[in-house]
Amino acid sequence: MAGTIDRNRELEGKVAIVTGSARNIGRAIAEELARAGAAVTINAKTAGELCEEVAQGIRKAGGKAIACRADISDPAEVKRLVDTTVEAFGGLDILINNAAIRTKVAFPELTFEDWVKLRAVALDGALHMAIASVPHMIKRGGGSVVGISGQNAYKGGAGGAHKSAVKTGMAGMIRGMASDLGQYGITCNVAVVGPFDTDRASGSGEVKLNDPNPKIPMGHRGVPQDMADLVRFLVGPYSRFITVQTIH
């Protein structure tokens, strides 16, 4: 019953994996889910120390978290990631597909290798994660899958043809999953990052902008916590009839 839910700890007893959660939006999401009571696995391909730092911070604050470095483009690594989570926390309820490679390549210079490298993580990786995670959600009687996309997947952007294609594909996959998984109590949605302030790795071709922007309805850029708050709602008990949605 909704009246028995602690609104400050509404995810108590739930278990989540957030891919690409060593920094920025992924980290903010993982920390917010932990504040809501979920046990969280922090994941990245290479930033092992950062993953452990995030997990330690959650544990220090009284939450439950482990770090698991894994390459989600590799199905064997994905299995290890999911198995490690289930072994540590007893199940899996929430999957946040956030991991991606942040690159900009102008189309005249774009190669098929650039395309494949990005697709392997943001699209193929999302598929591998879903295939490995959904059976555990079915066993638990329900769950949530949220894919993190970007505004350029819908409006296009310089240097991002490959990124637009891959992220659009990921969103389509997740919306399609919703039709098959609703019968199991699993919701599947896409959350789209707008003009946000985040710290990008050097060489990504993106810079942090924190100036007021009158072209944005709110008059300023968003921050990772804004996305974390949305995701917390989408995976929580107050959104069980919200699925197949793309929220910008």
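Residues numbered from 1 in each chain as written. Predicted model: local features only at pLDDT ≥ 70, side-chain atom pairs only at ≥ 80, totals over all residues. Heavy atoms only, no water.

Tallied over the entire structure, the rule returns twelve salt bridges. In this structure, the salt-bridge partner of Arg-9 is Glu-12, at a minimum N-O distance of 2.9 Å. Two residues, Arg-119 and Asp-124, come together in a salt bridge whose shortest N-O distance is 3.4 Å. It is possible to trace a salt-bridge network through shared partners that takes in Glu-10, Glu-32, Arg-35 and Arg-232. (Salt bridge = Lys/Arg side-chain N within 4 Å of Asp/Glu carboxyl O.)

Strands sit in the order β3-β2-β1-β4-β5-β6-β7 across an open sheet of seven strands; the sheet is parallel. Each having just a single partner strand, β3 (64-69) and β7 (246-247) make up the two edges of the open sheet. Bridging between strand β6 (residues 186-193) and β7 involves two bridges; their strand directions are parallel. Its bridge partner lying in β7, Val-190 is registered against Thr-246. Contacting β5 (143-150), β6 and β7, helix α7 (residues 161-181) crosses the sheet at an angle of about 160° to β5. (Pairing = 2+ DSSP bridges. Helix = DSSP H or I, 4+ residues; strand = E, 2+ residues; numbered from the N terminus. Contact = heavy atoms within 4.5 Å. Axes fitted to C-alpha atoms, helices over the stretch in contact; angles between N-to-C directions.)

Mean pLDDT over the protein chain: 91, with 93% of residues reaching 70 or higher. Below pLDDT 50 for its whole length, residues 200-209 participates in 15 contacts with residues either more than four positions away or in separate chains. (pLDDT = per-residue confidence, 0-100.)

Moving on, we come to the packing of helix α4 (residues 112-122) against helix α5 (residues 124-140). Where α4 contacts α5, the two axes come as close as 3 Å, and the packing angle between them is 20°. Comparing the axis directions of α4 and α5 gives the class roughly parallel. Residues Arg-119, Ala-120, Val-121 and Ala-122 of α4 form the contact with α5, whose own contacting residues are Asp-124, Gly-125 and Ala-126. Residues of the contact of α4 with α5, tallied by class, amount to four nonpolar, one polar and two charged. (Parallel < 35°, antiparallel > 145°, perpendicular 65-115°, else oblique. Nonpolar A, V, L, I, M, F, W, Y, C, P; charged D, E, K, R; others polar.)

A few words on the packing of α4 against α7. Each packed pair of helices is defined by two parameters, the angle between the axes and the distance between the axes. For the pair α4 and α7, the least separation of the axes is 10 Å and the interaxial angle reads 25°. Between α4 and α7, the crossing angle belongs to the class labelled roughly parallel. Between α4 and α7 the crossing geometry is right-handed. Packed against α4, whose contacting residues are Asp-114, Trp-115, Leu-118, Arg-119 and Ala-122, the element α7 presents His-162, Lys-163, Ala-165, Val-166 and Met-170 at the interface. Per-class residue counts for the contact of α4 with α7 are six nonpolar, one polar and three charged. (Left-handed = near helix turned anticlockwise from the far one by under 90°.)

Residue placement: Ile-17 occurs in strand β1 (residues 15-18). Note on Ile-17: relative accessible area 0%, which makes it buried. The spacing of Ile-17 and Lys-79 is 62 residues in sequence and 12 Å in space, taken between C-alpha atoms. Excluding anything up to four places from it in sequence, Ile-17 contacts Thr-41, Leu-81, Val-82, Thr-85, Leu-92, Ile-94, Leu-95, Ile-96 and Met-129. (Buried < 20%, exposed > 50% of the residue type's maximum accessible area, 1.4 Å probe, protein only.)

With that settled, consider the nonpolar core. Ranked by size, the top nonpolar core spans 33 residues in total, and within it Ile-29, Leu-33, Ile-96, Ile-148 and Met-227 carry the most contacts. Of all the secondary structure elements, the ones that give two or more residues to this core are β1, α1 (24-35), β2 (39-44), α2 (48-60), β4 (94-97), β5, β6 and α8 (224-234). Considering each element in turn, this core owes the most residues, six residues, to α1. Of all hydrophobic cores here, the second largest spans 30 residues; its members include Ala-70, Ile-72, Val-134 and Met-137. (Core = buried A, V, L, I, M, F, W, Y, C linked by side-chain atoms within 4.5 Å.)

Further remarks concern unusual backbone geometry. At Asn-24, a position not held by glycine, the phi torsion is positive, near 55°. Within the secondary structure, Asn-24 sits in helix α1.

This brings us to the pairing of β5. Each regular strand carries side chains that alternate between the two faces of the sheet. Counting buried residues in β5 gives seven out of eight residues, a clear majority hidden from the surface. Of the strand pairs in this sheet, β4 and β5 are connected by four bridges, and their pairing is parallel. Paired with Asn-97 across the strands is Gly-147, a residue of β5. Pairing of β5 with β6 involves eight bridges; the strand directions are parallel. Bridging across to β6, Ile-148 finds its partner in Ala-191.

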